[in-house]
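Architecture and fold: a report
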Amino acid sequence: MDYTKEKSIKKYKRNLTLKIISIILFLIIGCFSTIFTEDTALGDTNNELKVYFLDVGQGDSIYIRVNDYDILIDAGSNSNVGHLMEQLEKKNIDDFEIVIATHPHEDHIGGMTEVFSRYDVKEFYMPPVVHTTQAFESMLNAIVKEGIKAKPIKEGTHLDLGSNATIDVYSPIDSVYEDLNDYSTIMKLTFGDTKLIFTGDAESYAEKEVVAKHSEDLKGEVLKFAHHGSRTSSTDEFIKAVSPKYGIICCGEDNNYGHPHKETVDTISKYDIDTYRTDKQGEIEVTSDGKNIFIKTEK
Ligand SMILES: [Zn+2]
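Here is what the cut-offs are and how they apply
- Residues numbered from 1 in each chain as written.
- Predicted model: local features only at pLDDT ≥ 70, side-chain atom pairs only at ≥ 80, totals over all residues.
- Heavy atoms only, no water.
- Helix = DSSP H or I, 4+ residues; strand = E, 2+ residues; numbered from the N terminus.
- Buried < 20%, exposed > 50% of the residue type's maximum accessible area, 1.4 Å probe, protein only.
- Areas by Shrake-Rupley, 256 points an atom, 1.4 Å probe, with all protein chains shown as cover.
- Donors = N, O, S within 2.8 Å, 3.2 Å for Na, K, Ca; no water.
- Tetrahedral: all angles 85-135°; square planar, octahedral: opposite > 155°, others 65-115°.
- Expected span 1.5 Å × (residues − 1).
- Pairing = 2+ DSSP bridges.
- Axes fitted to C-alpha atoms, helices over the stretch in contact; angles between N-to-C directions.
- Arc of directions from axis to C-beta.
- Salt bridge = Lys/Arg side-chain N within 4 Å of Asp/Glu carboxyl O.
- Contact = heavy atoms within 4.5 Å.

Per an unreviewed UniProt entry, the recorded name for the chain is Metallo-beta-lactamase family protein, and the organism is Clostridium bornimense.

Here it is, written out as structure tokens:
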């Protein structure tokens, strides 16, 4: 058998294995059309919400601590996983109650396998879409290997995070999008009277779709701008719906994509938004006492 033929058979077999794992996984998690969390009222252990926009170069990783919950949204890329682990270790996290992958691109799930092997993860959420990459395959294998409970996240998902804290999810709304980025979860973290909006890499298509259906729900003091400040996201409609006081852009210093794009920076500058960037200020720490937001930066 010639080399190319052998290689293509290997590739075919790998894709087949991936498809089978994906199907099994989605048969298991697909059974939940609505997610009901178990009784999670843990009482007032502290009256503070902490959200850390971690500096993982070009990618997203956000660590949230509220009540007795440790939550991770995305895990950055694999090339930065060492640095991510160092940052997480400093936060003395025993385990993660919830881990969310906003969508299956490498700069969001590349570090997931390592997170799964280092930490006990109680629940893992991802949008109902599969991807044929090494990073995605490796993540699926780790879910199976570690026996992690995987659930779909989409419009209507509600997560209870103990006293005065919830996550509400507004997208993905549809089951099929042309752009993988549009499967990104757009969600709101509420703590007392304060609200933070997270967007993954949602493009303007998904932003507009969510504004059309949920504009009343999107108000928030803090907005993580979508897709690292790409010109393909951060529409006026979306920014107006959120009307944030503070904005966060997660991107790597001198990244190959030119994020954040000048067009996005110009759009943001039309509004009165105090904007922070992980490429310039390193880790960004957002604290809420339920009424007020405080921001601290590493640099
Ligand atoms: Zn991304």
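Right, let's get into the overall build of the chain. Assigned secondary structure in the chain consists of 9 helices and 15 strands. By the burial criterion, 56% of the 299 residues in the chain qualify as buried. Approximately 13,700 Å² of the chain is accessible, and the part contributed by carbon and sulfur atoms is 50%.

With that out of the way, let us pick up the coordination of the zinc ion. Every protein donor of the zinc ion is listed here as Asp-107 (OD), His-108 (NE2), Asp-201 (OD) and His-228 (NE2), and their distances to the metal cover 2.0 to 2.1 Å. In this structure, the zinc ion is coordinated by 4 donor atoms arranged in irregular fashion, with angles at the metal of 86 to 153°.

In this section: helix 5 (residues 134-146). The terminal C-alpha atoms of helix 5 lie 18 Å apart, and with 13 residues this matches the ideal 18 Å at 1.5 Å per residue to within 8%. Within the sequence span of helix 5, burial applies to Ala-135, Phe-136, Glu-137, Met-139, Leu-140, Ala-142 and Ile-143. Once helix 5 finishes, Gly-147 follows within two positions and takes phi at roughly 65°, a positive value.

As summarised here, the arrangement of the 8 strands in space is 6-5-4-3-2-1-14-15, forming an open sheet in which the pairing is mixed. Only two strands of the sheet have a single partner each, and these edge strands are strand 6 (149-152) and strand 15 (293-297). Ignoring strand direction, the axes of neighbouring strands in this sheet form an average angle of 20°.

Spatially, the 7 strands line up as an open sheet ordered 7-8-9-10-11-12-13, and their pairing is mixed. The two strands at the open ends of the sheet, each matched to only one other strand, are strand 7 (158-160) and strand 13 (274-277). Recorded for the sheet is a direction-independent mean angle of 15° between the axes of neighbouring strands. Strand direction decides the pairing type here: strand 9 (residues 186-191) and strand 10 (residues 194-198), joined by 5 bridges, are antiparallel. Residue pairing across strands places Phe-191 opposite Thr-194, the latter belonging to strand 10.

Before going further, it helps to examine helix 2 (residues 81-89). Because an α-helix packs 3.6 residues into every turn, residues spaced three or four apart end up facing the same way. Listing the buried residues of helix 2 in full gives Val-81, Leu-84, Met-85, Gln-87 and Leu-88. Taken around the axis of helix 2, the buried residues stretch over an arc of 165°, which confines them to a single face.

Scanning all chains against the criterion turns up 18 salt bridges. Ionic pairing is found between Asp-60 and Lys-224, a salt bridge with its closest N-O pair at 2.7 Å. Of the two residues, Asp-60 sits in the loop between strand 1 (49-53) and strand 2 (62-66) while Lys-224 sits in strand 11 (residues 222-224), which places them 164 residues apart along the sequence. Judged on exposure class, the residue Asp-60 and its partner Lys-224 are both buried. Across the pair Lys-270 and Asp-236 runs a salt bridge whose closest N-O atoms are separated by 2.9 Å. You can see Lys-270 sitting in the loop between helix 8 (262-269) and strand 13 and its partner Asp-236 sitting in helix 7 (residues 236-242), a full 34 residues away along the chain. For Asp-236, a relative accessible area of 26% gives the class partly exposed. Three or more residues joined by partner-sharing salt bridges are found here, namely Lys-50, Glu-285 and Lys-296.

What follows deals with the environment of Val-99. Assignment of secondary structure puts Val-99 in strand 4 (residues 95-100). Distance from Val-99 to Tyr-63, taken between C-alpha atoms, is 9.4 Å for residues 36 residues apart in sequence. With near-sequence residues (within four places) excluded, Val-99 lies in contact with Leu-72, Met-112, Phe-116, Val-121, Glu-123, Phe-124 and Tyr-125.

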